[in-house]
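# Working through the structure, step by step
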Amino acid sequence: MTDPGLILKATAPKASRMMLQRVRLGLSSNDLADMSVIAVEAPAGFGKTTLLAQWRREALAAGGIVAWLTLDKRDHPQRFVQGLDVALRIAGGRSGGAQAGSALADEGIEALTAWLARVAEMAVEILLVLDDVHALPEDTLENSLSYLLLNAPPNLRIVLAMRRAVPLAFSELLASGRLMILDTEQLRFRPDETASALAARFGDRIDADQCSHIHDRTEGWPLGLQLAITTLIKSSDLNLAIARLSSTQGDLQRYFEDCLDRQLSAEATDLLVSISCLDMIEPTLCRHVSGLENAAGQLAQLLASTPIFQGAVTSNWLRIHPLAREFLLRRFDQLPAEARAGIHSRAAQWLAEHDMPEEAAHHALQAGKPAMAYDLVERCLYDTIKRGDMALIQDWIERLPPQEIERRPQLRLAVGWALAQSERHAEAATLVGPIIAEPDAGDLLRCDASELCATAALFTEDLGEMDRLIAPWADRLEGLPLFQQVVGTNIRAVVKLLRGDPEGARYLLEALPQAHDVPGLGYAAGWTDWILGLSHIWQGQVRLAEAALQPALTHAEQVAGRRSPIAVMLAATLANALWDLGKRTEAAALLAGRLDVLERHAPPDAIILGCVTQARLASAESKHGKALDLLSHLASLGERRGLPRIGVMALGEQIRLHAARLQGEAAVVAMGRLEALADKTSATWGDAGPVIAVQLELARATTALARFDWDAVLTHYAAGEPLARQLRRARDVLSFRMMYSVALQRLGRDGATVFAEAMSLAETIGLDGLLLETHHSLSEWKQGLASHSREPGSQSNSPPARIPTPSTTEPERVHPSVLLTPKEREILAHLSANLSNKQIALALDVGEQTIKWHLKNLFGKLDAFSRQQVVARARMLGILG
């Protein structure tokens, strides 16, 4: 008779109704569709068995056969083959029979060969799932399983699941491209997957910010997310439960209590509690802190038997998952004060000896050794600032006595940099400003202080003060360390940009050396990327902005974290570009759970772009009340900070939303508030005055459009459009021209020519969505124009057929080259998009004669005789494409 144990091992576990579906990791996904072997390596709690159950269902739904075998240490070669035989019989719907899995005709490799031959003869797709591969005896791993993998017939697909890496002959499979290994990083839920899983359970009862909060708490840990969902399902107040989600609630608490109190030994639990105060864990540190000689062995066992650790790929360092650590720290706090102080003291000593001063300082302070802590933190806090870890700096600001900061120059600079890039920027200038005039301070210290105070001035939009502070160093930056070079150039570039010279800003930034991979320069380089992306947004070049900001954001999130200030600034600016490109889902995902950091640590332009985009997303989902509330909050923020441009932009967007919904009276009321704000704050506009003036005229024209006052639209167009062109604000220029075209058409004049040119430029630079934002009739007008282009003889009230839609393509990327000037490179990009001289002149806000002059230079430098030859030669030289 068939061994009952084998039958149980060959029976797939029952899938839970609460199983979280992993679309990204489906068998037919791009990464897995062509793989004949899939190995899943991860500790318990990472959803391996759940994923295997999903794959089983997918294979069965596709008409295949699924054989399942759970392995253990008794599965020596002969029993392993017997298990495969039973699994295949059960999968094929045949009864075990007297001889099934008990006495095969052959043994060892011969039996395995016979089994593989039977699989090949079945001529049907078979999925073989082998769970707990790590438990197999060594001889089975090295011989039977390796032979199975290397000799599997084409109709056999094999899935291996294991808690740790095993010595298998994977090299040949990897070389042939037939093997995919999924580890903990691939198994973690991504933010969008967490949001999808939560939406499937709670629908519209949960919003994007709450999904982001839950993802941050669980860090994509599959078991943590599953436990969180079951805890939330049982709560009577979902919003309150999400806000208070912790490891001391519901199923999360029960899981950790069971894991620690019933599954682990007392010694192992004591070890976990004693090391829970450590941010990062390493075996020798563990032994030193806990005092247990066998701590390293205990740690290895815990790593294999519990899912609460997260390990680094290339080192021995580990981290306890935040939810588990939160639970353990509650027990750590219950230890006697003397015991806690001893643990912190030993940790501080070890970390200081191993050149980890910041971590050592934290434990020294907890151990009651403040002098040691302040000495250590002075050594490292400035470098921490250059890395961009603002959360860590803010934590130390609250713990450092003012007198300690005052008497330590490096500490003053570090704290000053953190304050400068926050809502407390005024304190930064007070703290560090005096260093600039100190006669005994060296050039490096004085330059650093000047750049710091100039950065603080950016948060108040005081461009004159920024100029005054950076001017003495402008010609001396190249002789200073790279950090000061990058920061100083960033300051000069952003001043040029906000004064309406985006090309000049990019020219300065392009001269900088690459700093992303230089230790300690990632944060400053992130600011460079942000200014570059903002310069494209300023000109309405949203496709170029996306290309610049997307890789920068990915790098910032990897280095500094998703909610780091630089990542949040980049995300808010990129979200604005994605909105204009019609990528609403991606834009919403970027902003989720980030607005609080944006308001506290980002400069005004990033705040405006992020909050306005969030309001537009809410309005697009018909949540008009939420959109208006967001904009009202933004206006209040501008008033509290004394930044009138923020208030003007917020009220201007409110007016646009009212006009889009044909709420003329509401637009008039909002315009009244905007006029009152302008009258009250006009004396304080300073360098922001020209931009504010453009926004005022744009809001007035929008209000006139909502009231059908066509003559007033023309008046405000005449007042605002030239100023918008002068500032290179392409988006605002196009908004003016589209409103102007509507007004001309409604007054019985030719608005079609203006509209066609504006529409062509909008499509070229990626601002197609501006049509709907400006006026509801423009989309229909565009369709009418296209219809006339297809049917030359047709008649309608839409623009005449003699105005064709220009045939343009997306601009190609132009690489930096000493051969061409920045302006020539911009013109070359537009040439690659097949724009006419007139369209290029409109895009760059210059005259046609200027374009012709630059084209003449391009013809000479590239030895070309036509526009097509210029583009072809640029591609051949590697400048274009």
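So, a few notes on the structure that sits alongside this text. Source: prediction; values computed, not measured. Residue numbers run consecutively from 1 along every chain, following the written order of its sequence. Whole-chain, interface and lining totals are the exception, using all residues; otherwise, since this is a predicted model, local features are given only for residues with pLDDT of at least 70 and side-chain atom pairs are given and counted only at 80 or more. Excluding hydrogens and water, the side-chain figures rest on all heavy atoms present in the structure.

## Overview of the side chain of Glu824
Using the following cut-off: Helical segments are the DSSP runs of H or I of at least four residues, strand segments are the runs of E of at least two, and each set is numbered from the N terminus. We call a residue buried when its accessible area falls under 20% of the maximum for its residue type, exposed when it is over 50%, and partly exposed in between, using a 1.4 Å probe and counting protein chains only. In this analysis, two residues are considered to be in contact whenever any of their non-hydrogen atoms come within 4.5 Å of each other.
Here Glu824 is to be found in helix α43 (residues 822-832). On the basis of relative accessibility, which here comes to 2%, the residue Glu824 falls in the buried class. Sequence-distant contacts of Glu824, defined by excluding residues within four places in its chain, comprise Leu819, His854, Asn857, Leu858 and Lys861.

## Some points on the sheet that holds strand β5 (residues 179-182)
In plain terms, the rule: Any two strands with at least two DSSP-identified bridges between them are counted as paired. Structural elements are reduced to axes, namely lines fitted to C-alpha atoms, with helices fitted over the stretch in contact, and the angle between N-to-C directions of any two is expressed from 0 to 180 degrees.
Reading across from one edge, β2-β3-β4-β1-β5 is the order of the five strands in this open sheet, with parallel pairing throughout. Unpaired on one side and paired on the other, β2 (65-70) and β5 mark the two borders of the sheet. Strand-to-strand twist of the sheet, defined as the mean angle between neighbouring strand axes without regard to direction, takes the value 15 degrees. Relative to strand β4 (residues 156-162), strand β3 (residues 126-131) runs parallel, the two sharing five bridges. Each residue of the ladder has a partner; that of Leu128, found in β4, is Ile158. Here helix α2 (residues 48-61) sits on the sheet in contact with β1 (37-41), β2, β3, β4 and β5, set at roughly 155 degrees to β2.

## What about the pattern of salt bridges?
Applied cut-off: The working definition used for a salt bridge is a side-chain nitrogen of Lys or Arg within 4 Å of a carboxyl oxygen of Asp or Glu.
As enumerated under the stated definition, the model contains 52 salt bridges in all. Between Lys583 and Glu546 there is a salt bridge whose closest N-O contact spans 2.8 Å. Here the residue Lys583 occupies a position in the loop between α30 (565-580) and α31 (584-591), and Glu546 occupies one in helix α29 (residues 542-560), the gap between them amounting to 37 residues. With a relative accessible area of 30%, Lys583 lands in the partly exposed category. For the salt bridge of Asp709 with Arg707, the shortest nitrogen-to-oxygen distance reads 3.9 Å. The class of Arg707 is partly exposed, set by a relative accessible area of 45%.

## Quick notes on the environment of Glu639
For Glu639, the location among the structural elements is in helix α34 (residues 624-641). Residue Glu639 is classed as exposed on the basis of its relative accessible area of 58%. Each C-alpha atom, one on Glu639 and one on Gly769, is 30 Å from the other, the two residues being 130 residues apart in sequence.

## Re the pairing of β3
Most of β3 sits inside the fold, with six of its six residues counted as buried. Going residue by residue along β3, you find Ile126, Leu128 and Leu130 tucked away on one face and Leu127, Val129 and Asp131 tucked away on the opposite face as well. Here β2 pairs with β3 via six bridges, running parallel. Bridge assignment links Leu69 to a residue of β3, and that residue is Leu130.

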